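# Breakdown of the fold
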Amino acid sequence: MNAPAIVILGEASLPVARQIQTAIPEAMIYGLATRTQSVDQTYDNFGETVRELFQTGTPILGVCAAGILIRSIAPLLSNKWQEPPVLAIAEDGSAVVPLLGGLQGVNHLARQIAGVLQVAPAITTTGELRFQTTLLSPPPGYELVNPDDAKTFIANLLGGSRVQLIGEAPWIAQSRLPIVPESEAGDNTLRIEILSPNREGVMSSPGPDCLVYQFNPSHPTSPGKLAIIGTGPGSSAWMSPEVKEMLQTATDWVGYKTYLDLVELWRKPSTIRHESDNRVELDRARAALDLAATGRTVAVISSGDPGIYGMAAAVFEVLEQSPQPEWESIEIQVYPGISAMQAAAAQVGAPLGHDFCVISLSDILKSWEAIAGRIAAAAQADFAIAFYNPVSKQRTWQLEKAKEILLQWRSVQTPVILARNLGRPGQTVTVKSLGELASSDADMRTVVLIGSSKTRIVQQQTGKQWVYTPRHYGNSQP
């Protein structure tokens, strides 16, 4: 497929076009010659340009009204199997509407663009929304043998029919299709059959009640990949380009459901989600390694940075303690993310501007005695401190105990920052003194920053309050 074309009519659309280009770097910005400057390519006639791009199979991302795109392309619509993706994006970036190209990945493009614009894409494909998969556009390695029967098949699914899966296809098995076991299949049950290279013949004739896919993996024995990625605290704007790219290219996502939900906009319908509870990190790591050993590209997803109380340590712990021969050829890479403490610090200035340390108050993996000892040592050494996991439903007393320890060496006026739901709806950032700190101020979605003895609060005339820790101690300047 050709590189996408971002088509704009005026200079006011250029900022949104540039934002889209950060999500799709290979895209070219086309601008009307008489109304735009500093675009990648100019044109003289909107309709002629859009029709030419459409006929050459170029994805069209129009930062304009949907109507002008539809009227320009309408005379060319004849074969939905060959239509490139066409999307309309509002000039202010408030709406992303996929119009054409459902079989060529238009909804995936819409999710990419909506992710960088931080809006929800206006996806209306009923089957994809309901079943979380696209039967007409299977993942690489799968070919639909009877596409002409798919329209009736999907209509029957939407009408309430159930389906039996014959053969193996993880992208179907992990979807929300109403799959029933063979023992519950009846005469009216639809069928999806997967023909793999080691199976011969078709158990059911292809037709409106039976879709048949031929599975031909290009490199069935190629080494798999395991990407351990950090998505940042919550906002997609805080994710690195390489993390976004890996989210989109992975065949499988593995992680805690809450973290997977935060990046759902970036998931292709063919990408399989493997959800698990937040306390089974080692089991999750083993499952990810086993998946990658089959040749798949697996993304293990952590919020924040995967190397800071994240999944990276869990993966390497499993590699060391339970090595398996099939894991040896896996390509493993860690993709860093913005940590919660960095995001919290940025909201108020630079409270971590000098030496600091990070301590988790959870005593699930280490004793409270060890935690208390580290808090005391950090307080005596005059570090600024970031507390992770300060309070949970079961642990309501550790933050108060930590405060008692800190007050042996810190003033009650020491600045404290409480940052909750960073980058997510309902974000709050509060600055108060150590003496005012209470367990009710925090939960598991809160990161707590404790200033050192040198941390200061700066009040601007506008009323804005900043917190910073000087880069120097004592009276000498750097």
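Structural data are supplied above this passage.
To keep things clear, this report deals only with the structure shown in the data block.

Every second residue of strand 5 (residues 86–89) is oriented toward a common face, with V86 and A88 on one face and L87 and I89 on the other, all of them buried. Bridge analysis of strand 4 (residues 60–63) against strand 5 gives four bridges, and the strand direction is parallel. Counterpart to L61 in the pairing with strand 5 is L87. Note that the unit made of strand 4, helix 3 (residues 66–73) and strand 5 has a crossover that is right-handed. Across four bridges, the pairing between strand 5 and strand 6 (residues 96–100) is antiparallel. Bridge assignment links V86 to a residue of strand 6, and that residue is L100. Following strand 5, the chain reverses through six residues before pairing antiparallel with strand 6; G93 in that reversal takes a positive phi of roughly 75°.

Mapped onto the elements, Q21 comes out in helix 1 (residues 14–23). Q21 gets classed as buried once you look at its relative accessible area, which sits at 16%. A polar contact of 2.9 Å, which involves the side chain of Q21, links it to the backbone oxygen of A27. Once residues lying within four places of it in the same chain are set aside, the contact partners of Q21 are I6, A27, M28, I29 and D40.

Further remarks concern unusual backbone geometry. Not every positive phi belongs to a glycine, and S38 is a case in point at roughly 55°. Backbone geometry at N389 places phi at a positive 50°, although glycine is not the residue there. Mapped onto the elements of the fold, N389 is located in the loop between strand 18 (384–388) and helix 14 (398–406).

Okay, helix 2 (residues 46–55) next. Considered for burial, the residues of helix 2 that qualify are F46, G47, T49, V50, L53 and F54. One side of helix 2 holds all its buried residues, which, seen down the axis, span an arc of 165°. Along helix 2, exposed side chains directed more than 90 degrees from the buried face belong to E48, E52 and Q55. Two to three positions downstream of the cap, the backbone nitrogen of G47 sits 3.2 Å from a side-chain oxygen, assigning the N-cap of helix 2 to N45. Downstream of helix 2 by one or two residues, G57 has phi in the positive range, about 75°.

Two elements in contact, helix 2 and helix 3, have axes whose closest approach is 9 Å; the angle formed by their N-to-C orientations is 65°. One way to sum up the angle between helix 2 and helix 3 is to call them roughly perpendicular. In terms of crossing hand, the pair formed by helix 2 and helix 3 is right-handed. Every residue of helix 3 that contacts helix 2 at F46, G47, V50, R51 and F54 is listed here: I68, L69, S72 and I73. The residue makeup of the contact of helix 2 with helix 3, split by class, is six nonpolar, two polar and one charged.

Let us look at the environment of A88. Among the structural elements, A88 can be located in strand 5. In this structure, the C-alpha to C-alpha distance between A88 and A65, residues 23 residues apart in sequence, is 6.4 Å. Once residues lying within four places of it in the same chain are set aside, the contact partners of A88 are G62, C64, A66, L69, A95, V96, V97 and L99.

What follows concerns the pattern of salt bridges. Evaluation of the coordinates by the stated rule reveals 13 salt bridges. Taking the shortest distance from any N to any O, the salt bridge between R286 and D283 comes out at 3.0 Å. In this pair, R286 and D283 are both assigned in helix 10 (residues 281–293), three residues apart and thus about one turn of the helix distant. Classification of R286 by relative accessible area gives partly exposed; the value is 29%. Taking the relative accessible area as the measure of exposure, D283 reaches 47% and is therefore partly exposed. Close ionic contact of D382 with R410 constitutes a salt bridge, the shortest N to O distance being 3.5 Å. Here D382 is found in the loop between helix 13 (368–380) and strand 18, whereas its partner R410 is found in the loop between helix 14 and strand 19 (415–420), with 28 residues between them in sequence. Residue classification places D382 among the buried residues on the basis of a relative accessible area of 15%. Overlapping salt bridges, with partners in common, bring together K257, D261, E264, R267, R273 and E275 in one network.

Reading guide: rules and limits
Residues numbered from 1 in each chain as written. Predicted model: local features only at pLDDT ≥ 70, side-chain atom pairs only at ≥ 80, totals over all residues. Heavy atoms only, no water. Buried < 20%, exposed > 50% of the residue type's maximum accessible area, 1.4 Å probe, protein only. Helix = DSSP H or I, 4+ residues; strand = E, 2+ residues; numbered from the N terminus. Pairing = 2+ DSSP bridges. Right-handed = clockwise from strand over helix to strand, strands pointing away. Polar contact = N/O pair within 3.5 Å; in protein donor to acceptor, adjacent residues only side chain to side chain. Contact = heavy atoms within 4.5 Å. Arc of directions from axis to C-beta. Axes fitted to C-alpha atoms, helices over the stretch in contact; angles between N-to-C directions. Parallel < 35°, antiparallel > 145°, perpendicular 65-115°, else oblique. Left-handed = near helix turned anticlockwise from the far one by under 90°. Nonpolar A, V, L, I, M, F, W, Y, C, P; charged D, E, K, R; others polar. Salt bridge = Lys/Arg side-chain N within 4 Å of Asp/Glu carboxyl O.

Remember that the coordinates give geometry; whether it matters functionally is a separate question.
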